[in-house]
Amino acid sequence: MADDAHTPTSPDTADLPSQTRFHRVMLKISGEALMGPQGFGLHPPTVERIAREVKTVHDMGVEICMVIGGGNIFRGLQGSAQGMERTTADYMGMLATVMNALGMQAALEQIGVFTRVISAIPMDQVCEPYIRRRAVRHLEKKRVVIFAAGTGNPYFTTDTAATLRANEMACQAIFKGTKVDGVYDKDPVKFPDAKRFDKVTYDEVLAQHLGVMDASAIALARDNNLPIIVFSLDEPGGLRGILAGEGTYTTVHS
Ligand code: UDP
């Protein structure tokens, strides 16, 4: 797979910082981040570009957990809004996240990063079931662990799944990749005068409906004092820079 005109170029690792205070992190990306310029599904050059970003961090020795959403394929809420029974629609959404996880696994392994996809819904022919101790062991062996099928329960989101697994895996922070370089007081795409926060508390996010993650995910992070770092996925080398404490981002903290 190769880059195309729609995808930023891959980072030149020689120019990137090499030090980080993070030992183990959770990277949460939405399903929509994988669809690139398309309106739906997976765009292979975009998946490959994100995989290279992950590799730059893996090369620093950081242990990486990933959760990828499913919104590029199916969202339970959309299905139920169209009359589908909600729990069935949510299971379809969870299955969509498994497809995305497999796509990311393939892209990472193509560039030499060993991975395991671990699903909250057992599907033995496709990936491993979730067993916490086994997942920890994979991380210790420097495999990127991609947690698929969300929490395995309807009425949740992959933001909550990322927060849950980050706590279980004792991650030091959740890195939430978005289209913009942090949390703003209003949508910076629509409002040029939107103000970006360097830091914001969990309670401010909840009270002001700042849209970082859904409320259950924010509350779970707050109750376990797990920082959320919101950054732009569109900045080549951005993830590695932010892990080294450089670049522009917002930290959500207590
Ligand atoms: N989902 C679920 N339980 C979970 C995680 C996800 O039911 O623990 C379903 C839900 O229907 C959701 C869909 O999977 O809409 C896709 O996940 P999400 O909307 O979080 O994806 P993203 O917006 O990050 O792409």
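Bear in mind that the values here come from a model prediction, so they are computed numbers and not experimental data. (Residues numbered from 1 in each chain as written. Predicted model: local features only at pLDDT ≥ 70, side-chain atom pairs only at ≥ 80, totals over all residues. Heavy atoms only, no water.)

1. Points about the UniProt feature "binding site: UMP" (unreviewed entry) in the protein chain
UniProt's feature table lists "binding site: UMP" (unreviewed entry) at Gly70, Asp90, Thr151, Gly152, Asn153, Pro154, Tyr155, Phe156, Thr157 and Thr158, given in the numbering used throughout. With the annotated positions falling across 89 residues, the maximum pairwise C-alpha distance of 14.2 Å places them together in a single cluster. Tracing the backbone shows glycine 70 in the loop between strand 2 (63-68) and helix 2 (76-81). If sequence neighbours within four positions are ignored, glycine 70 has contacts with Gly31, Ala96, Thr97 and Asn100. Tracing the chain through its elements places glycine 152 in the loop between strand 5 (144-148) and helix 5 (158-168). Once residues within four sequence positions are removed from consideration, glycine 152 is found in contact with Tyr91, Met94, Ala120 and Ile121. (UniProt positions renumbered as here; feature names shortened; annotations may be inferred. Helix = DSSP H or I, 4+ residues; strand = E, 2+ residues; numbered from the N terminus. Contact = heavy atoms within 4.5 Å.)

2. As for the packing of aromatic side chains
Summed over the entire model, instances satisfying the criterion amount to 3 aromatic pairs. Where tyrosine 130 meets phenylalanine 147, the ring centres are 6.0 Å apart and the plane angle is 70°; that geometry is what we call edge-to-face. Of this pair, tyrosine 130 sits in the loop between strand 4 (128-129) and helix 4 (132-140) while phenylalanine 147 sits in strand 5, placing them 17 residues apart in sequence. Taking the centre distance of 6.4 Å and the plane angle of 65° together, the rings of phenylalanine 175 and phenylalanine 231 count as edge-to-face. (Phe/Tyr/Trp six-rings, centres within 6.5 Å; stacked < 30°, edge-to-face > 60°.)

3. Thoughts on the packing of helix 5 against helix 7 (residues 215-223)
Where helix 5 contacts helix 7, the axes come no closer than 8 Å and their chain directions differ by 15°. Taken as axis vectors, helix 5 and helix 7 run roughly parallel relative to one another. Considering how the two elements wind past one another, helix 5 and helix 7 form a crossing that is left-handed. Across from Asp159, Thr160, Thr163, Leu164 and Asn167 in helix 5, the residues of helix 7 making contact are Ser216, Ala217, Leu220 and Ala221. (Axes fitted to C-alpha atoms, helices over the stretch in contact; angles between N-to-C directions. Parallel < 35°, antiparallel > 145°, perpendicular 65-115°, else oblique. Left-handed = near helix turned anticlockwise from the far one by under 90°.)

4. Description of the site of the ligand
In the vicinity of the ligand, 20 residues are found, and the nearest of them are Arg75, Asp90, Thr151, Asn153 and Thr158. Note that an oxygen atom of the ligand is positioned 3.4 Å from one of the backbone N or O atoms of methionine 94. With 3 residues, helix 3 (residues 86-110) is the largest single contributor of residues to the shell around the ligand. (Near = heavy atom within 4 Å. Polar contact = N/O pair within 3.5 Å; in protein donor to acceptor, adjacent residues only side chain to side chain.)

5. What to know about the pattern of salt bridges
Under the counting rule described, the total for this entry stands at 18 salt bridges. Residue arginine 116 is joined to glutamate 128 by a salt bridge in which the shortest nitrogen-to-oxygen separation is 3.4 Å. Highlighted residues: arginine 116 in strand 3 (residues 115-119) and glutamate 128 in strand 4, separated in sequence by 12 residues. Since its relative accessible area comes to 25%, arginine 116 is described here as partly exposed. Exposure remark for glutamate 128: the relative accessible area of 14% places this residue in the buried category. A salt bridge links arginine 222 to aspartate 203; the nearest nitrogen and oxygen atoms lie 2.9 Å apart. Of the two residues, arginine 222 is situated in helix 7 and aspartate 203 in helix 6 (residues 202-207); the sequence distance between them amounts to 19 residues. Connected through salt bridges with shared partners, the residues Arg24, Glu63 and Lys142 form a single ionic network. (Salt bridge = Lys/Arg side-chain N within 4 Å of Asp/Glu carboxyl O. Buried < 20%, exposed > 50% of the residue type's maximum accessible area, 1.4 Å probe, protein only.)

6. With respect to the pairing of strand 10 (residues 228-232)
Most of strand 10 is tucked away, with 5 of its 5 residues classed as buried. Side chains Ile228, Val230 and Ser232 of strand 10 all project onto a buried face; the interleaved residues Ile229 and Phe231 project onto the opposite face, where all are buried too. Judged from the 5 bridges that link them, strand 6 (residues 173-178) and strand 10 form a sheet pairing that is parallel. Among the inter-strand pairings, glycine 177 is bridged to a residue of strand 10, identified as phenylalanine 231. Pairing geometry for strand 10 and strand 11 (residues 250-253), over 3 bridges, is antiparallel. Among the inter-strand pairings, valine 230 is bridged to a residue of strand 11, identified as threonine 250. (Pairing = 2+ DSSP bridges.)

7. What to know about the UniProt feature "domain: Aspartate/glutamate/uridylate kinase" (unreviewed entry) in the protein chain
The residues that UniProt annotates with the feature "domain: Aspartate/glutamate/uridylate kinase" (unreviewed entry) are residues 24-232. A distance of 20 Å separates the end C-alpha atoms of residues 24-232, which is 39% helix and 20% strand.

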